[in-house]
Amino acid sequence: MERQSAQVLLDNSDGALTNLDLKGYKGVISGGLVTTSGSEYSACAPLYVVAQQLQSRRGVLFCLLTLAGIPNLLSADKASGEYTLESSDTQTAKTLIRKILGDTGVTILTVYSHCTLYDIVFDSEDSLIDSYTPRDSFSISMNSNRLDKVEELLAYTKCIMRAEADGKIHISKPIISTATAWQASQAYIVNDTVIPTVANEVEYKCTTAGTSGGTQPTWPTEVGDTVTDNTVVWTVSYNYEYNLSSGYHTFFEKSYRKRLVIPNYIQVNSLASQDPSYTGYAEDTESSALIPKRQYQRLRVDSNAQATNIATAILSHYQLEAERGHGVVPMNVGAEVGDFVKLTDSRENDYRVGNILYI
């Protein structure tokens, strides 16, 4: 989860803020426009005042507020002791995440019982978060911060987390770019992604599970468009498209980067004490062919297939973080970290797709 912070400079010419102590106050920063429909604003995730500074300059007085978001506060939450699991423990990664954060319906872990409770919204999940049981390969030592331990558990899955405007932690499996072509009479589940057999510069995600038809549908191309394919419903994958054409979110500039994924080979092995032992790996072949960099991890796993799935999930985070571009756009208050976006550039006659890593 990316850190969230802001600085707010307030005019204090009338001295109204001089005697106010705003430390600890919650701040909600909203952005938007005044349109023909009125004032349309969207709120960002809440931030909290961690410092207040009064400034006196020639002819003016200012109050500078420094605010920090929920991820920053989670990183400051330290465990009061140790927490270990037995090899027979049945708690899944999802259950442990809920207990670390203090989600409604579970009891927060004792080592974090002195910390603020946060509700969790699971917007979408992969197959590992609610099935993998890390058991004695996961532990919490004294002074381990909450953010690191949640991110450690999420690293075994393809899920990410972010704080949103409702003040809750949202966990989801991000849609990522695919080269998997649509197939006839194929079973698809929600969040499967495909491209048409004849590429049209658009990718699609399954939003209603089912079986595809004998011939592919007529594919739509605009963000939010859907099409029914026998019992499957496909939706244009992108959360937003930035385009110089009228009717789209525009952009000012873009850059395109070619970047290696490092590490590009992940191998997961059983704990040394396990018998029988299992192993699995995942590889970004393009990057490893150029500069091979490997990472090895020992975890409590139940099969070669599970080890391979976890290695694939770990690698997916490194692939997601291999920054491939940068864009400067007018304020789009709806955009969130993890969103899957497309940027179409008529100046260079190309387009790029990817996930927002930071704003």
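Residues numbered from 1 in each chain as written. Predicted model: local features only at pLDDT ≥ 70, side-chain atom pairs only at ≥ 80, totals over all residues. Heavy atoms only, no water.

Asks: I tried to follow helix 5 (residues 304-321) on my own but got confused; where do I start?
Replies: Residues three or four positions apart in an α-helix share a direction because the helix packs 3.6 residues into each turn. For helix 5, with 18 residues, the first-to-last C-alpha span of 26 Å sits near the 26 Å given by 1.5 Å per residue. Considering only its buried residues, helix 5 is in contact with helix 3 (146-154), strand 10 (160-163), strand 20 (265-270), strand 21 (279-283), strand 22 (294-299) and strand 25 (350-355). (Helix = DSSP H or I, 4+ residues; strand = E, 2+ residues; numbered from the N terminus. Expected span 1.5 Å × (residues − 1). Contact = heavy atoms within 4.5 Å.)

Asks: I tried to follow the packing of helix 2 (residues 93-101) against helix 3 on my own but got confused; where do I start?
Replies: A pair of packed helices is captured by two measures, namely the crossing angle of their axes and the spacing between those axes. Their axes nearest at 10 Å, the elements helix 2 and helix 3 cross at an angle of 170 degrees. Here helix 2 is positioned roughly antiparallel relative to helix 3, judged by the angle of their axes. Each of Ala93, Leu96, Ile97, Ile100 and Leu101 in helix 2 lies in contact with helix 3, whose residues at this interface are Arg146, Lys149, Val150, Leu153 and Leu154. For the contact of helix 2 with helix 3, the residue count by class is eight nonpolar, no polar and two charged. (Axes fitted to C-alpha atoms, helices over the stretch in contact; angles between N-to-C directions. Parallel < 35°, antiparallel > 145°, perpendicular 65-115°, else oblique. Nonpolar A, V, L, I, M, F, W, Y, C, P; charged D, E, K, R; others polar.)

Asks: Is there a simple way to explain the pairing of strand 25 in this structure?
Replies: Alignment of strand 24 (residues 340-345) against strand 25, held across six bridges, turns out to be antiparallel. Bridge pairing links Phe340 to Asn355 in strand 25. Connecting strand 24 to the antiparallel partner strand 25 that follows it, the hairpin turn spans four residues, and Asn349 within it adopts a positive phi of roughly 55 degrees. (Pairing = 2+ DSSP bridges.)

Asks: Mind showing me how you'd approach the layout of surface pockets here?
Replies: Where empty space is left in the structure can be found by rolling a water-sized probe over the atoms. Taken as a whole, the second largest pocket holds about 680 Å³ of empty space. Considering only residue class, the lining of the second largest pocket consists of nine nonpolar, 13 polar and five charged. (1 Å grid on protein atoms, 1.4 Å probe; cavity = no way out; pocket = protein on both sides within 12 Å on 5 of 7 lines; lining within 4 Å. Points joined across faces, edges and corners; volume = space filled by probe spheres on them.)

Asks: How do you make sense of the side chain of Gln306 when you look at a structure like this?
Replies: Here Gln306 shows up in helix 5. Classification of Gln306 by relative accessible area gives buried; the value is 13%. Beyond its immediate stretch of four places on either side in the chain, Gln306 contacts Tyr132, Arg300 and Val301. (Buried < 20%, exposed > 50% of the residue type's maximum accessible area, 1.4 Å probe, protein only.)

Asks: Help me understand the sheet that holds strand 11 (residues 169-172) in this model?
Replies: Hydrogen bonding along the main chain pairs the strands of a sheet, whether they run parallel or antiparallel. Read across the open sheet, the three strands follow the order 8-11-10; overall the sheet is mixed. Edge positions in the sheet fall to strand 8 (120-122) and strand 10, since each of these pairs with one other strand and no more. Geometrically, the sheet is characterised by an average inter-axis angle of 25 degrees between neighbouring strands, direction not taken into account. Judged from the four bridges that link them, strand 10 and strand 11 form a sheet pairing that is antiparallel. The residue of strand 11 that forms the bridge with Ile160 is Ser172. Sitting on the sheet, helix 2 touches strand 8 and strand 11, and the angle it makes with strand 8 is about 155 degrees.

Asks: Got a minute to help me understand unusual backbone geometry in this structure?
Replies: For residues that are not glycine, phi is negative in most cases, and the peptide bond is trans in most cases. The linkage connecting Ile262 with the following residue, Pro263, adopts the cis geometry, with an omega of -5 degrees. As for its placement among the helices and strands, Pro263 is situated in the loop between strand 19 (253-256) and strand 20. Positive phi, close to 50 degrees, is recorded for Ser185, a residue that is not glycine. Counting through the fold element by element, Ser185 comes out in the loop between strand 11 and strand 12 (187-188). By relative accessible area, Ser185 is classed as exposed at 56%. With a phi angle near 70 degrees, Glu201 is a residue other than glycine that sits in the positive phi range. On the secondary structure map, Glu201 appears in the loop between strand 13 (193-194) and strand 14 (204-208).

Asks: Whenever I open this one, the packing of aromatic side chains confuses me. Can you help?
Replies: Aromatic rings considered in pairs are described by the distance between their centres and by the relative angle of their planes. All chains considered together, the criterion is met by six aromatic pairs. Ring geometry for Tyr265 and Tyr281: centres 5.2 Å apart, planes at 10 degrees, overall stacked. Note that Tyr265 is positioned in strand 20 and Tyr281 in strand 21, a separation of 16 residues in sequence. By relative accessible area, Tyr281 is classed as partly exposed at 46%. Through a chain of ring-to-ring contacts, three or more aromatic side chains come together here, namely Tyr188, Tyr204, Trp219 and Trp234. The side chain of Lys94 reaches across the aromatic face of Phe122, ending 4.5 Å from its centre. Sitting over the face of the ring of Tyr265, Arg294 holds its NZ or CZ atom 3.7 Å from the ring centroid. (Phe/Tyr/Trp six-rings, centres within 6.5 Å; stacked < 30°, edge-to-face > 60°. Lys NZ or Arg CZ within 6 Å of the ring centre and 35° of its normal.)

Asks: Help me understand the nonpolar core, please; the structure alone is not making it clear to me.
Replies: It is characteristic of soluble globular proteins that their nonpolar side chains tend to be buried jointly. Counting 45 residues, the largest nonpolar core has Ile97, Ile140, Ile171, Val268 and Ile310 as its most contacted members. When residues of this core are traced back to their parent elements, those giving at least two are helix 1 (70-75), helix 2, helix 3, strand 10, strand 11, strand 20 and helix 5. Per-element accounting of this core gives the leading share, six residues, to helix 5. Filtering out sequence-adjacent residues up to four positions away, Ile310 remains in contact with Leu128, Tyr132, Tyr156, Val268, Leu299 and Val301. (Core = buried A, V, L, I, M, F, W, Y, C linked by side-chain atoms within 4.5 Å.)

Asks: Looking at this model, I keep getting lost on the environment of Ile100. Mind explaining?
Replies: Turning to its location among the elements, Ile100 is positioned in helix 2. Separated by 17 residues in the primary sequence, Ile100 and Leu117 place their C-alpha atoms 8.9 Å from one another. Beyond its immediate stretch of four places on either side in the chain, Ile100 contacts Ile108, Leu109, Tyr112, Phe138, Ile140, Arg146, Lys149, Val150 and Leu153.

Asks: Explanation requested: the environment of Leu260 in the structure shown.
Replies: Assignment of secondary structure puts Leu260 in the loop between strand 19 and strand 20. Separated by 230 residues in sequence, Leu260 and Ser30 have C-alpha atoms that sit 36 Å apart.

Asks: I tried to follow the sheet that holds strand 6 (residues 60-69) on my own but got confused; where do I start?
Replies: The strand order 1-6-5-2 describes an open sheet built from four strands, whose pairing is antiparallel. The sheet is open, and its two borders are formed by strand 1 (5-11) and strand 2 (26-27), each paired with just one other strand. Where strand 1 lies against strand 6, seven bridges are found, and the strand directions are antiparallel. From the neighbouring strand, Val8 faces strand 6, where its bridge partner is Leu65.

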